[in-house]
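This is what each chain is made of:
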Amino acid sequence: MSHETLYLHLYTDKANGGKLWKNLRCQKQKRKSYAVGQDCRGQIPNRRPLSERPAHIEDLKQVGHCEGNTVIGANHKQAIVTVVERKSGYAVIAKVENMTADLVGAAIVDRLKPFGTKVKTLTFDNGKEFCGHSKIDVALGSKSYFARPFASWERGSN
């Protein structure tokens with residue numbers, strides 16, 4: 001029997017309300033296990049991968065396909081939301097006080113609403129500030145896509 005098995009039994013007993021752990025020489029708390037590669041902040045609901053975006057968008061023959069991103073300010077206090085139209089290179093920029101999904105989504109809708117139905121698709125990175133993409137899609141009549149994690153080259157315009 002290894003020492004790991006003993007400690008596992010002791011900490012399991014402690015989690016179930018037992019008192020065996022009090023006989024240990026040092027009653028330290030169990031260390032937090034850090035899950036490698038798992039994000040604890042949740043997932044983006046209804047995330048549509050970039051691979052589902054129609055191939056003709058890559059040709060840059062139509063206006064209305066945009067890419068969005070955020071630029072984080074000093075001390076993570078404020079941010080700038082940028083949306084760039086892929087064919088023309090036209091950019092709209094909005095400053096937000098916090099990088100919350102509600103503020104970022106409202107800023108995008110506010111800046112792109114004057115263009116009406118010309119905005120067809122939006123492509124974002126996997127930042128949690130874009131988890132309100134479905135509200136943006138409803139407000140603008142567009143479709144949102146997300147690049148693969150750590151693949152920034154898939155959104156070359158922004």
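So, how was this worked out
- Here the residue index of a chain counts from 1 through its sequence in written order.
- Whole-chain, interface and lining totals are the exception, using all residues; otherwise, since this is a predicted model, local features are given only for residues with pLDDT of at least 70 and side-chain atom pairs are given and counted only at 80 or more.
- The basis for the side-chain values is all heavy atoms of the structure; hydrogens and waters are excluded.
- To qualify as a helix, a DSSP run of H or I must reach at least 4 residues; to qualify as a strand, a run of E must reach at least 2; elements of each kind are numbered from the N terminus.
- Atoms considered for the radius of gyration are the C-alpha atoms alone. The globule rule reads 2.2 Å times the number of residues to the power 0.38.
- Aromatic pairs are defined between Phe, Tyr and Trp rings, using the six-membered ring for Trp, whenever the two ring centres lie within 6.5 Å; interplanar angles under 30 degrees are classed as stacked, those over 60 as edge-to-face, and all others as tilted.
- Burial here depends on accessible area, computed with a 1.4 Å probe over protein chains only, as a share of the maximum for the residue type. Under 20% is buried, over 50% is exposed, and the range in between is partly exposed.

(A) Structural context of the overall build of the protein. Scanning the protein from terminus to terminus reveals three helices and five strands. Secondary structure elements of the protein, listed N to C terminal, follow the sequence α-β-β-β-α-β-α-β. In terms of overall size, the protein is more extended than a compact globule, its C-alpha atoms giving a radius of gyration of 23 Å where 158 residues would be expected to give roughly 15 Å. With the principal axes as the frame, the protein shows a C-alpha extent of 70 × 35 × 25 Å.

(B) The packing of aromatic side chains, seen in detail. This structure, assessed with the given rule, holds four aromatic pairs. Arranged with centres 5.7 Å apart and planes meeting at 75°, the rings of tyrosine 90 and phenylalanine 115 form a pair that is edge-to-face. Of this pair, tyrosine 90 sits in the loop between strand S2 (79-85) and strand S3 (91-96) while phenylalanine 115 sits in the loop between helix H2 (101-112) and strand S4 (121-124); the two residues are 25 residues apart in sequence, bridging distant segments of the chain. Among the residues examined, tyrosine 90 registers a relative accessible area of 48% and is labelled partly exposed.

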